[in-house]
Amino acid sequence: MVVLERRDRVGGQLLTVRRDGFLMETGATVLPEAYSSVMALVDEIGMRDELIPSNSLMGFVRDAKLHLLRADNLAIDAARTKLLSTRAKLQVGKLAFDAMRIGKLLSYEDLSVASAYDVESPAAYARRRGIDGELYDFLIEPTVRAGAGVPGDVISVVEFFFLWQKVLGTKLYAFRDGYSSFMERIAAPLDVRLGVTVEQVIEDADGVEITWTGPDGQHTERGAGAVVSSMGNEVPDLLPQLDPDRAAFLRDLRYTSCININVGLARPPANMPASFVVFPRPASDALFAIIAEHNKAPGRTPPGKGLIGLYSMNEWAVEHADEDDDTLLAGLLRDAEPLMPGLDNDIEFARVNRWYPVLVYSHPGLYRELGRFHATRRRNSRIHLAGSYNSSGNVNTAVAAGERAARELGEALGTPAHAATARRHPAARTT
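Computed from a prediction, not measured in an experiment: that's the story for all the values here.

## Points about the pattern of salt bridges
Reasoning step 1: What the rule picks out here adds up to 26 salt bridges.
Reasoning step 2: We note a salt bridge from R404 to D110, for which the minimum N-O separation is 4.0 Å. Here R404 is found in helix 14 (residues 395-413), whereas its partner D110 is found in the loop between helix 3 (86-103) and helix 4 (122-129), with 294 residues between them in sequence. Like D110, R404 is buried.
Reasoning step 3: For R222, the salt bridge goes to E209, with nearest N and O atoms at 4.0 Å. Taken as a pair, R222 in strand 12 (residues 217-223) and E209 in strand 11 (residues 207-214) lie far apart in primary sequence, 13 residues in all.
Reasoning step 4: Of the residues examined, E209 reaches a relative accessible area of 30% and is grouped as partly exposed.

## Things to note about the side chain of R9
Reasoning step 1: Among the structural elements, R9 can be located in the loop between strand 1 (2-4) and strand 2 (16-19).
Reasoning step 2: Of the side chains bearing the opposite charge, D8 lies closest to the buried R9, which forms no salt bridge; the N-O distance is 4.7 Å.
Reasoning step 3: Side-chain polar atoms of R9 contact the backbone oxygen of L14, separated by 3.3 Å.
Reasoning step 4: Residues in contact with R9, not counting those within four places in the same chain, are L14, L15, L194 and W355.

## Brief notes about the nonpolar core
Reasoning step 1: Counting residues in hydrophobic clusters, the biggest one holds 122 residues, and the most contacted among them are L31, F182 and L310.
Reasoning step 2: The dominant element in this core, judged by the number of residues it contributes, is helix 6 (residues 157-168), at 9 residues.
Reasoning step 3: Residues in contact with L310, not counting those within four places in the same chain, are I259, N260, I261, V263, L287, A289, I290, L329, L332, L333 and A336.
Reasoning step 4: Membership of the second largest hydrophobic core comes to 6 residues, among which are L15, M24, L307 and F349.

Rules used in this analysis
Residues numbered from 1 in each chain as written. Predicted model: local features only at pLDDT ≥ 70, side-chain atom pairs only at ≥ 80, totals over all residues. Heavy atoms only, no water. Salt bridge = Lys/Arg side-chain N within 4 Å of Asp/Glu carboxyl O. Helix = DSSP H or I, 4+ residues; strand = E, 2+ residues; numbered from the N terminus. Buried < 20%, exposed > 50% of the residue type's maximum accessible area, 1.4 Å probe, protein only. Lys, Arg positive; Asp, Glu negative; His and termini not counted. Polar contact = N/O pair within 3.5 Å; in protein donor to acceptor, adjacent residues only side chain to side chain. Contact = heavy atoms within 4.5 Å. Core = buried A, V, L, I, M, F, W, Y, C linked by side-chain atoms within 4.5 Å.

Bear in mind that shape data such as this cannot, by itself, settle questions of function.
Structure below.
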């Protein structure tokens, strides 16, 4: 199996960096237990003993105060917390009832199965159900911001329920040596070619022909079939034979941006037991979360040190993308300071990461369109598509989409063994 990878490393949006005894995640940072496809892959490649439980305490900010909820007990803690008034807590029942109704339709492989609910934003849903105000401002929208990095009035409400149940509301783990160790283990037995730009993939009666350019020039190779895993809006340029309606859906996909900054500290911030601090709109237009890596799992810092990650909203990242690193750090620290006074005095270093693309910027109706997109795919094709645009974007969605693409490619080729091999390495662009 050949993997053609655009970057100069494996892992995509997963990257672990070590510096001066600090272990930093610059992309995804935890592994929720609900990521069933990833967990199965962890077991398959023998990395279960390299997972360590992550501190699941989440801090929700209100009036510069931190209110703690457990990620794996969000519903229970939401009913007890002082984050919400008694009136708002009584409204949680409506939210729990609606979450239960939609829960079985929240698929990592294809979120279009929940398309009947894909008719409004979280903000519109909250108004319709009479749970706007407090419950929306300090629990619903912060959940959207924490999971997607965008406001709650622009994306699909399906996204909110997915994040609530499939990402945040579960037990959390971390890889002992960081997420990159997971990707490197997967890639080890494969023929991975780095720094490659795929130009086009053509299907004919005998297989596929792939044209790509690498460090040593242009190449054309043939194979039995291919799985294409890329940004959705780039896929039509790679597949000139793609049906025009399917190509139009992919070209219209928009992706979010994020600026996240790893900050090494001389000491941990005081009075900060949470691993994840979520910022509502009233507290910050710039930040959606702070992740306290030193609280998340052991071995992230030298003894006595602290390590946090600052994560920006999409809109802020787009607006400030061209600013220098010091200006970006000052901008995000400004909103973190009320919660962590004197933070800037303890900084030993800061590493700025500008991420694009991050996630598909969903909108009400996107998953209904996705259903039509899937319904028109050719199951007997020698080219199958993977990518996190098949559901709410996350690591498990990417794995589940890759597994389905590999499975369907194997069925099209009539070679179950091929499908089993491809399933083990679902994030690859393969021939």
